[in-house]
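For reference, the chains in residue letters:
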Amino acid sequence: MTPETSTQAQNSISRRVLVAGVGNVLQGDDGFGVRVVQELAKRTDLPPCVNVIDVGIGGMSLVQELFAGYSALVVVDAVDRGGKPGTIYLLEAEVPDLADMPAEERENHLADMHLATPSRAFVLAKGLGVLPPRVYILGCQSHSIEDLSIGLSEEVEGAVAPTIERLVREVHRLSGTDTGAREALIVE
């Protein structure tokens with residue numbers, strides 16, 4: 001392998017983006033992330049360096065996938081930021097370090113990784129050294145996630161298509177395959 005080929009291989013690895021849909025499809029709007037990535041995976045305009053997965057409520061599968069090596073992670077999930085249902089937010093995740101947590105908090109935080117929230121999976125991935133340097137949550141303000149129901153509310157369903165379009169733009173930026181303007185991510 002020539003030095004030029006080695007640099008190209010490193011750049012392709014360093015620009016890999018993982019998009020992970022998170023949520024419980026049996027709790028109404030909590031299934032937003034899963035619904036979005038199921039539709040996103042059907043798109044043909046995603047760069048080959050972008051991987052789209054549905055992790056549902058299994059945080060360990062997200063951590064396991066991160067061992068493949070990514071430069072950025074975008075988690076799609078329902079959020080509660082007190083906004084109007086259907087509002088889309090792009091948030092940059094702030095991930096605490098396991099080493100900085102007291103032992104009891106660390107144990108409580110990692111007690112059940114099978115049903116891990118994204119924040120727990122992020123902390124574990126950081127502790128294992130596999131968390132990408134750029135981690136974002138693309139969330140949709142939910143209407144209701146408390147009731148046992150299948151299907152999204154009308155407001156959240158209406159946010160699926162715009163979220164997919166935004167995701168396509170963001171993954172092109174994150175992967176360096178955006179042929180248009182190289183503007184920064186707009187984080188709320």
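Quick caveat, the model's predicted, so the values are computed rather than measured.

A. Region of the structure containing the sheet that holds strand 2 (residues 50-56). With mixed pairing, the five strands of this open sheet are ordered in space as 2-1-3-5-4. Two strands bound the open sheet, and with one partner strand each, they are strand 2 and strand 4 (88-92). Between one strand and the next, the sheet's axes are offset by a mean angle of 20°, whatever the strand orientation. Together, strand 1 (17-22), strand 3 (72-79) and strand 5 (134-141) form the strand contacts of helix 5 (residues 118-128), whose direction differs from that of strand 3 by roughly 160°.

B. Summary view of a nonpolar patch on the surface. A surface patch of nonpolar side chains, about 450 Å² in accessible area, is lined by Val25, Leu26, Leu148 and Ile150. Tracing the sequence through the fold places valine 25 in the loop between strand 1 and helix 2 (32-40). Note on valine 25: relative accessible area 41%, which makes it partly exposed.

C. View of the pairing of strand 2. The element strand 2 is extensively covered by neighbouring structure, given that five of its seven residues are classed as buried. Pairing of strand 1 with strand 2 involves six bridges; the strand directions are parallel. Note on strand 2: the bridge partner recorded for glycine 21 is aspartate 54. Note on the crossover from strand 1 through helix 2 to strand 2: the handedness is right-handed.

The rules behind each value
Residues numbered from 1 in each chain as written. Predicted model: local features only at pLDDT ≥ 70, side-chain atom pairs only at ≥ 80, totals over all residues. Heavy atoms only, no water. Pairing = 2+ DSSP bridges. Helix = DSSP H or I, 4+ residues; strand = E, 2+ residues; numbered from the N terminus. Axes fitted to C-alpha atoms, helices over the stretch in contact; angles between N-to-C directions. Contact = heavy atoms within 4.5 Å. Patch = residues over 30% accessible without salt bridge, like charges linked within 9 Å, V, L, I, M, F, W, Y side chains within 5 Å. Areas by Shrake-Rupley, 256 points an atom, 1.4 Å probe, with all protein chains shown as cover. Salt bridge = Lys/Arg side-chain N within 4 Å of Asp/Glu carboxyl O. Buried < 20%, exposed > 50% of the residue type's maximum accessible area, 1.4 Å probe, protein only. Right-handed = clockwise from strand over helix to strand, strands pointing away.

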